[in-house]
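Understanding the architecture of this molecule
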Amino acid sequence: MAAATTRRIIFVPGKNLKPPVAEHRAQLFRCLVHGVGRADPDAARAIANAPDMFMTIPWNPLYYGAVKPLGPDQPWIDALLTRDGPTADEVREALSWRRKAAWAMISAADFLPLLIPLLPDPAVKSAIQETERYFANFGGIGGRVRELLKTPLREMLARGERVLLIGHSMGSVIAYDTLWELWHVEGRRERLDTFLTLGSPLGMRFAQRRLLGARERGARKYPGNIRRWLNVVAQGDLAALDPTVADDFAPMRTFGQVEAITDIDSGIFNYFRNAEGLNVHRSYGYLVNPRVGEVIAKWWREA
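Description of the structure in this document. (Residues numbered from 1 in each chain as written. Predicted model: local features only at pLDDT ≥ 70, side-chain atom pairs only at ≥ 80, totals over all residues. Heavy atoms only, no water.)

Reading across the sheet, the 6 strands line up as β2-β1-β3-β4-β5-β6 and stay open at both edges, with parallel pairing between neighbours. A strand with exactly one partner marks an edge of an open sheet, and here the two such strands are β2 (54-56) and β6 (260-264). The average undirected angle you get between the axes of adjacent strands in this sheet is 15°. Relative to strand β5 (residues 226-232), strand β4 (residues 192-198) is paired through 6 bridges, and the arrangement is parallel. Directly across from Leu-196, in β5, lies its bridge partner Leu-230. Of the strands in this sheet, β1 (7-12), β2 and β3 (162-168) are in contact with helix α1 (residues 21-39), which crosses β2 at around 130°. (Pairing = 2+ DSSP bridges. Helix = DSSP H or I, 4+ residues; strand = E, 2+ residues; numbered from the N terminus. Axes fitted to C-alpha atoms, helices over the stretch in contact; angles between N-to-C directions. Contact = heavy atoms within 4.5 Å.)

Quick look at the structure:
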């Protein structure tokens, strides 16, 4: 009975170099507990007392062949945890006309990929170009990355554990593809309790055209092993150009493959900043947000 009610949180990071696995995991867990604490202090204390149930999927060292030091980000993470929200200037920056102009160009490029080299935001442009290695599965890298997530997922779901799978940015694409393979290729019929995507590009046509199952039809196009899907996008996050997924993946509900898909994209502000300025896409900033904390706390309490 105990195994059937065990809770697990799996976090799949986004792209780019990350700190050494243990250090990265520790900082993500700090931010997650802080965010939950802003929504539900009792749930936060319970989660903080069960650190072993939280794990990350270290696909970045495999993909890039390197790690980066945590040091430069550490003081900024510490500062983030002392704050209750964005400043008025940060809100204005997240909603600035420059971001809106960039949004218009990225939106056009999403329809016409030939425009990608002309994108004004180098971070977004590199993100699109860099992920091609994963989508094309060069050297089998896509399959190897997904296997890192499949291994613990197979075991947890087979034991009947309640799993909250969090995918940030590119990590949400990896998580989605992994679930599709488990359902359609491996024929596994266990269901994931909750899929939480943060700053996800899954609403973009660029990503949708490259997902596993994109060329399939009907129910085979989508995974059938997600019970609930919640998608959170911060204001001004250009990596999640289209902030909604409920419309794009609505057939999953029609086919009975998911109970609910909910977009949370109103009034969400990611106020992580470092020496380079405000970064509304960073995972640390998403995890400390009380709206994200509320989702995690609700999942925790439902057990």
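Another aspect to go through is the packing of α1 against helix α14 (residues 290-301). For the pair α1 and α14, the least separation of the axes is 7 Å and the interaxial angle reads 85°. In terms of axis orientation, α1 runs roughly perpendicular to α14. On α14, the residues touching Leu-32, Gly-35, Val-36, Arg-38 and Ala-39 of α1 are Pro-290, Gly-293, Glu-294, Ile-296 and Ala-297. (Parallel < 35°, antiparallel > 145°, perpendicular 65-115°, else oblique.)

Moving on: the packing of aromatic side chains. The geometry of an aromatic ring pair is captured by the separation of the ring centres together with the interplanar angle, meaning the angle of the planes. If you walk through the whole model with that rule in mind, you get 13 aromatic pairs. Between Trp-59 and Tyr-63, the ring centres sit 5.3 Å apart and the planes meet at 75°, which makes this aromatic pair edge-to-face. Of this pair, Trp-59 and Tyr-63 both sit in helix α3 (residues 59-64), 4 residues apart, which is roughly one turn of the helix. The burial state of Trp-59 is the same as that of Tyr-63; both residues are buried. (Phe/Tyr/Trp six-rings, centres within 6.5 Å; stacked < 30°, edge-to-face > 60°. Buried < 20%, exposed > 50% of the residue type's maximum accessible area, 1.4 Å probe, protein only.)

Its location among the elements puts Ser-96 in the loop between α5 (88-94) and α6 (97-111). In terms of polar contacts, Ser-96 uses its side chain to reach the backbone carbonyl oxygen of Glu-93, at 3.1 Å. (Polar contact = N/O pair within 3.5 Å; in protein donor to acceptor, adjacent residues only side chain to side chain.)

A few words now on the nonpolar core. Grouped together as the largest cluster of nonpolar side chains are 40 residues, with contacts concentrated most on Ile-9, Leu-32, Ile-47, Ile-166, Leu-196 and Ile-296. Beyond its immediate stretch of four places on either side in the chain, Ile-47 contacts Phe-29, Leu-32, Val-33, Val-36, Met-53, Ile-296 and Trp-300. Ile-141, Leu-153, Val-173 and Tyr-176 belong to the second largest nonpolar core, which has 35 residues in total. (Core = buried A, V, L, I, M, F, W, Y, C linked by side-chain atoms within 4.5 Å.)

Right, let's talk about the pairing of β5 for a bit. Counted residue by residue, β5 has 6 buried out of 7 residues, so it is predominantly covered. By the bridge criterion, 5 bridges tie β5 to β6 in an arrangement that is parallel. Bridging from a neighbouring strand, Leu-230 pairs with Thr-262 of β6.

The subject of this paragraph is helix α2 (residues 41-48). Three or more residues of α2 are buried, namely Ala-43, Ala-44 and Ile-47. Relative to the axis of α2, the buried residues are bounded by an arc of 100° and lie together on one face. (Arc of directions from axis to C-beta.)

Following the criterion strictly, the structure yields 26 salt bridges and no others. A salt bridge links Arg-273 to Glu-90; its shortest N-O distance comes to 2.9 Å. With a gap of 183 residues between them, Arg-273 in strand β7 (residues 273-274) and Glu-90 in helix α5 connect regions that are remote in the sequence. (Salt bridge = Lys/Arg side-chain N within 4 Å of Asp/Glu carboxyl O.)

This brings us to unusual backbone geometry. We note that Asn-16 has phi near 85°; this positive angle belongs to a residue other than glycine. With respect to the secondary-structure elements, Asn-16 resides in the loop between β1 and α1. The class for Asn-16 is partly exposed, based on a relative accessible area of 37%. Positive phi is not limited to glycine here, since Asn-137 has a value of about 60°. Residue position: Asn-137 is located in the loop between α8 (132-136) and α9 (141-158).

Orientation of α9 relative to helix α10 (residues 170-185), taken along the N-to-C sense of each, is 60°, at an axis distance of 9 Å. Considering their axes alone, α9 and α10 lie oblique with respect to each other. Crossing geometry of α9 relative to α10 is assigned as right-handed. Contacts between α9 and α10 involve Val-145, Arg-146, Leu-149, Lys-150, Leu-153 and Arg-154 from the first element and Ile-174, Ala-175, Asp-177, Thr-178, Leu-179, Glu-181 and Leu-182 from the second. Taken together, the residues of the contact of α9 with α10 break down into 7 nonpolar, 1 polar and 5 charged. (Left-handed = near helix turned anticlockwise from the far one by under 90°. Nonpolar A, V, L, I, M, F, W, Y, C, P; charged D, E, K, R; others polar.)

According to the stated counting rule, one finds 2 cavities of 30 Å³ or more in the structure shown. Space inside the largest cavity adds up to approximately 60 Å³. As for the largest cavity, its lining consists of Pro-13, Lys-18, Pro-19, Val-21, His-24, Thr-56, Ile-57, Pro-58, Asn-60 and Pro-61. Among the secondary structure elements, those contributing two or more residues to the lining of the largest cavity are α1 and α3. (1 Å grid on protein atoms, 1.4 Å probe; cavity = no way out; pocket = protein on both sides within 12 Å on 5 of 7 lines; lining within 4 Å. Points joined across faces, edges and corners; volume = space filled by probe spheres on them.)

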